[in-house]
Amino acid sequence: MNMMFKAFSKKLFGTKYERLTRTFFIYFIVFWGLHISGFRLQTAPYILYLMLTTFTSGVMWQALSSEAADSDMPNMLMIPFERRRMVFSYVTVLGIYTILTKTAALAAVLMAVSDWNGAEILVSIFCIINAVLMTAAVYSIKRYWPAVIFWSAVLTASALVFWNTPWIMLVLIVNILTALLVLQNADGYSFYQQDHKNNQKYRMHQRSGHYSVWIYLFRYLNAHKNYLTNTFIMWCAACVLPLFFKEMEARLVIPIGFAILSLNTPICILLSCDPALEQAVRFLPDQKRIFCIPYSIFIFLCNIIADSIFLCSWQFQIGGVTVTMIIAAVFFALISAACSVFLEWFYPIRGWKIESDLWHHPRKYIVPAAMLLIAGAAGTAAIF
């Protein structure tokens, strides 16, 4: 197990685990800066538990679904291995990666702005461990979706009943033991995504002497369902945003809504997440026109659909959508798409280990932050 653990961990953390040192230093600066600022936020314990659990589960699922993490699996499966050691080494490394490089950031912020007692910290730790192990267990048996749904429903119901009682610890411990039992009966092939190895189904095609970027984009999304899921989540967010903004002035919050909906990370990192595509694209004749223009239009369409849903939801719930708001939606969708493609073309993200690093890279906030600044200026100028 020690050899397998090192093989997986050195890829994610570096040969001397230098990535963890750098990450801890950054998180400490964030924690200390927020702590000495004096800003405090009163949050119910169950909100903290829910945030840590859902965030950890999401990142862990991304790590398990990552093609980069999965790329070493064929080599590992070719050598003699003991099934349980293989599974627990793989899950342990990805769990440590999730907790120490991603969940730790959220925990640092929450601990800096909230007052936690010892019991809440203990429950939070168990929530994080439970999220890692249950996500891995669910991933290993995802083809048995009725059992997964039943398991998730039982845990959710138990958490809702016992979250504010000492029994919540017992619920978490029982669920952790159940996840360990499931993983004990899993094997390495449960985590190997053979379906994603067929790159032929979403590679760029050439028809009549011209490369079809549109075919590539749609086939790539079809091969990466999690990208479609993220886009669907943004559309759901567009439906519910008016509920949070209904007590505020439309001239202030409408542009903020457009800025928030530009935070659709997966579709904005297609070059960064596929170095082979980037290399091929940069060898194309008239590469900027052939690739960047269709890519910009594609991101624009994704953005404008989300913004349109937001405006329709606003009209149904609050009313008062004007032509100026529609023009603003087109403007924000177009500018955010152009800026996203600009960053991808001139400043692609490099040196990442697995796709989760891309999804949570600080660069993802540059375009939404710029859109928020523009939104603030637009709201102050009262152009709506």
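Along each chain, residues carry numbers from 1 onward, in the same order as the chain's sequence is written. Local features in a predicted model are, by the rule used here, given only for residues with pLDDT of at least 70; side-chain atom pairs are given and counted only at 80 or more, and totals for whole chains, interfaces and linings are based on all residues. Water and hydrogen atoms were dropped before computing side-chain values, which therefore reflect all heavy atoms in the structure.

Student: An account of the nonpolar core is needed here, citing residue identities and associated values.
Tutor: Among buried residues, the Ala, Val, Leu, Ile, Met, Phe, Trp, Tyr and Cys ones that are joined through side-chain atoms within 4.5 Å form a nonpolar core. Only protein chains enter the accessibility calculation, which uses a 1.4 Å probe; a residue is then buried when its area is under 20% of its type maximum, exposed when over 50%, and partly exposed in between. With 52 residues, the main nonpolar core has Phe258, Phe291, Tyr295, Phe298, Ile299 and Phe310 as its most contacted residues. Here this core takes 13 residues from helix 15 (residues 287–317), the largest share from any one element. Every residue in contact with Phe258, bar those within four places of it in the chain, is listed here: Asp307, Phe310, Leu311, Met325, Ala328, Ala329 and Phe332. Ranked by size, the runner-up nonpolar core spans 36 residues in total, among them Leu64, Ile141, Ile168 and Ile176. Put simply, DSSP marks the helices as runs of H or I at least four residues long and the strands as runs of E at least two long, and each gets a number from the N terminus on. Residue contacts are defined here by distance: any two heavy atoms, one from each residue, within 4.5 Å place the two residues in contact.

Student: Describe the state of the cysteines, listing the residues and the values that go with them.
Tutor: We call a pair of cysteine sulfur atoms a disulfide whenever their separation is within 2.5 Å. Scanning the model with the defined rule gives zero disulfides in all. Among the cysteines around Cys239, which has no disulfide bond, Cys236 carries the closest sulfur, lying 6.2 Å off. Using a relative accessible area of 36% as the deciding quantity, one classes Cys239 as partly exposed. Its sulfur unpaired, Cys312 is 9.1 Å from the next cysteine sulfur, which belongs to Cys239. Cys312 sits in the partly exposed class, given a relative accessible area of 43%.

Student: Please give an account of the packing of aromatic side chains that cites residues and values.
Tutor: Each pair of aromatic rings taken from Phe, Tyr and Trp, with Trp reduced to its six-membered ring, is defined by centres within 6.5 Å and is described as stacked if the planes are under 30 degrees apart, edge-to-face if over 60, and tilted in the remaining cases. In the structure shown here, the tally under the stated rule is nine aromatic pairs. With 4.9 Å between their ring centres and 45° between their planes, Phe342 and Phe346 make a pair best called tilted. Note that Phe342 and Phe346 are positioned in helix 16 (residues 323–346) at a spacing of four residues, about one turn of the helix. A relative accessible area of 44% means that Phe342 is categorised as partly exposed. With relative accessibility at 44%, the residue Phe346 sits in the partly exposed group. Members of the aromatic cluster, joined through ring pairs, are Phe258, Phe310, Trp314, Phe331 and Phe332. Just above the ring of Tyr139 sits the side chain of Lys142; from NZ or CZ to the centre is 3.9 Å. Ring-over charges, as used throughout, are those where CZ of Arg or NZ of Lys falls within 6 Å of the ring centre and within 35 degrees of the ring normal.

Student: Residues and numbers for the environment of Pro266, please.
Tutor: Inspection of the secondary structure puts Pro266 in the loop between helix 12 (250–260) and helix 13 (270–273). Classification of Pro266 as buried rests on a relative accessible area of 0%. With 37 residues separating them along the chain, Pro266 and Thr229 place their C-alpha atoms 10.0 Å apart. Not counting residues up to four positions away in its chain, the partners in contact with Pro266 are Tyr227, Asn230 and Trp359.

Read these as geometric descriptors, not functional statements.
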